[in-house]
Amino acid sequence: MISGRYQEWAEAGMIKIPITMAPPLRQVNSYLLRGPEGVTIIDPGPRTEVTEKEWEAVWKELGIHPGDITSIVVTHHHPDHFGLAGQLQSLTLAPVYMSARAYKEAERMWGTASTVNEALPTLFRQHGMPDEWLNQLPRHLNGFIPQVSPFPKVTIITEDTLMTMGGRHWEPVMSGGHAPGHISLYNRDKKVMICGDAVLPQISPNISLLPGSETHPLNSFVSGLERLGTYEVSMAFPGHRSPFDYFHERIRSLIQHHEQRLLRMEQLLREESLTGFQVCSAVFGTKLGIHQMRFAMSETLAHLLELVRQGRAAEEENTDGTGIRFRVLQQSYGVL
Ligand SMILES: [Zn+2]
Ligand SMILES: [Zn+2]
């Protein structure tokens, strides 16, 4: 019998372990699967003193020795999922499985050769973000490094890698937009999808334009949703909040949410041409902490560039040459 803190789905051979992370999300779901092949941990969470203690409590409560862990699987490179993988690997010597693209993104963000601290403020400046925000970015970004240190030694998986976890076979399903190279895991027998942040209940996963990463993240996200929607899913196990049984309905409402947001931004541009930051302020407001502002700005740019990709808007240089504005293309009727 396990405590109420951990929820078990015996049907899928899984235990959901809530791991603490920073607000506003506060919790990430790790999943632990036990089978003849050993113990698998999916998305161990960010590395902090609190989460290391939480895992010690897990070993104790579930009667697991770190040496029993035979694999660690990471759905995507974000610190709240990937962060502890390296530390957990040093304790368990287990392989850490993730996609090549996801690992490349981790390196782009926090690897020793990362240039994101210069590239992200440059991108945001070009799109009109004022210095008071830009100046906070490097410190904010550096704050994640301890959460993802040390990096694990990674074993690359692709969609062709059949994973065995909890005594069952799982097929990796790749998607992008929220995080390039994101892997969901599908069990065909039980029609169960472990979906990381590709599909979340209640929350709309953040879509980010990031320098050097995906050129059209929103298009990539929507294609990923359409692809995930082709799987028959009776229960979905997300990276945040509770498992849910309305996978297809959720996919439809996420697609609709983004269509509506594209229309809203197109309408704003109909009144006058605007910088990315002006659109961001109109849609998300400015009473945000730096973390949320960074997400809001990246998401706004992802939407604006999607309008451009669809031929509904165009980018133009500011007349004083200080950056870029977006203007609507009058021929557009706002139909997707
Ligand atoms: Zn994520
Ligand atoms: Zn997450």
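Residues numbered from 1 in each chain as written. Chains lettered and ligands numbered in written order. Predicted model: local features only at pLDDT ≥ 70, side-chain atom pairs only at ≥ 80, totals over all residues. Heavy atoms only, no water.

Q: Would you take a moment to explain the sheet that holds strand S10 (residues 182-187) for this structure?
A: Whether parallel or antiparallel, the strands of a sheet pair through hydrogen bonds between backbone atoms. Within the open sheet, the 5 strands sit side by side as S8-S9-S10-S11-S12. Their pairing is mixed. Strands at the two margins of the open sheet, each flanked by one partner only, are strand S8 (163-165) and strand S12 (235-238). With strand direction ignored, the average angle separating the axes of adjacent strands in the sheet is 30°. Of the strand pairs in this sheet, S10 and strand S11 (residues 192-196) are connected by 3 bridges, and their pairing is antiparallel. (Pairing = 2+ DSSP bridges. Helix = DSSP H or I, 4+ residues; strand = E, 2+ residues; numbered from the N terminus. Axes fitted to C-alpha atoms, helices over the stretch in contact; angles between N-to-C directions.)

Q: Hey, could you run me through the coordination of the zinc ion (ligand 1) in this one?
A: Tetrahedral metal sites with four donors have an ideal angle of 109.5 degrees; octahedral sites with six donors have ideal angles of 90 or 180 degrees. Within the protein, the atoms that donate to the zinc ion (ligand 1) are His76 (NE2), His78 (ND1), His178 (NE2) and Asp197 (OD), at distances of 2.1 to 2.3 Å. The coordination sphere of the zinc ion (ligand 1) comprises 4 donor atoms, whose angles at the metal cover 91 to 171°; the geometry is irregular. Going along the chain, you hit the donors of the zinc ion (ligand 1) in the pattern H-x1-H-x99-H-x18-D. Between the zinc ion (ligand 1) and the zinc ion (ligand 2), the interatomic distance is 3.4 Å, and Asp197 donates to each metal, bridging them. (Donors = N, O, S within 2.8 Å, 3.2 Å for Na, K, Ca; no water. Tetrahedral: all angles 85-135°; square planar, octahedral: opposite > 155°, others 65-115°.)

Q: Could you clarify how one ought to interpret the coordination of the zinc ion (ligand 2) in this entry?
A: Here the zinc ion (ligand 2) is held by the protein donor atoms Asp80 (OD), His81 (NE2), Asp197 (OD) and His240 (NE2), which lie 2.1 to 2.2 Å from it. Each of the 4 donor atoms bound to the zinc ion (ligand 2) contributes to angles spanning 89 to 157°, and the resulting shape is irregular. When the donors of the zinc ion (ligand 2) are listed by position in the chain, the intervening gaps give D-H-x115-D-x42-H. Owing to a relative accessible area of 0%, His81 belongs among the buried residues under this scheme. (Buried < 20%, exposed > 50% of the residue type's maximum accessible area, 1.4 Å probe, protein only.)

Q: Explain the pairing of strand S14 (residues 324-328) here, please?
A: Residues in a regular strand project their side chains so that they alternate between the two faces of the sheet. Alternating residues of S14 divide into Ile324, Phe326 and Val328, all buried, and Arg325 and Arg327, none buried. Looking at chain direction, strand S13 (residues 313-317) and S14 are connected through 5 bridges and run antiparallel. Following the sheet pairing, Glu316 is matched in S14 by Arg325.

Q: Sorry, what's going on with the packing of helix H9 (residues 247-271) against helix H11 (residues 290-309) here?
A: Packed helix pairs are characterised by how far apart their axes lie and by the angle those axes make with each other. One can describe the packing of H9 onto H11 by two numbers: an axis separation of 10 Å at closest approach and a directional angle of 80°. As summarised for this structure, H9 and H11 are arranged roughly perpendicular, according to the angle between their axes. Of the residues in H11, those touching H9 at His258, Arg261, Leu262, Met265, Glu266 and Leu269 are Glu299, Thr300, His303, Leu304, Glu306 and Leu307. Classifying every residue of the contact of H9 with H11 by side-chain character gives 5 nonpolar, 3 polar and 4 charged. (Parallel < 35°, antiparallel > 145°, perpendicular 65-115°, else oblique. Contact = heavy atoms within 4.5 Å. Nonpolar A, V, L, I, M, F, W, Y, C, P; charged D, E, K, R; others polar.)

Q: Help me understand the sheet that holds strand S3 (residues 27-35) in this model?
A: Ordered by their spatial adjacency, 7 strands build an open sheet running S1-S2-S3-S4-S5-S6-S7, and the pairing between neighbours is mixed. With partners counted over all chains shown, the strands left at the sheet margins are strand S1 (7-9) and strand S7 (154-156), one partner each. Direction aside, neighbouring strands of the sheet carry axes that sit 30° apart on average. Pairing geometry for S1 and strand S2 (residues 14-20), over 3 bridges, is antiparallel. Counted as the bridge partner of Glu8 is Ile15 from S2. In the packing of helix H3 (residues 85-92) onto the sheet, contacts are made with strand S4 (38-42), strand S5 (69-73) and strand S6 (96-98), and the angle to S5 comes to roughly 170°.

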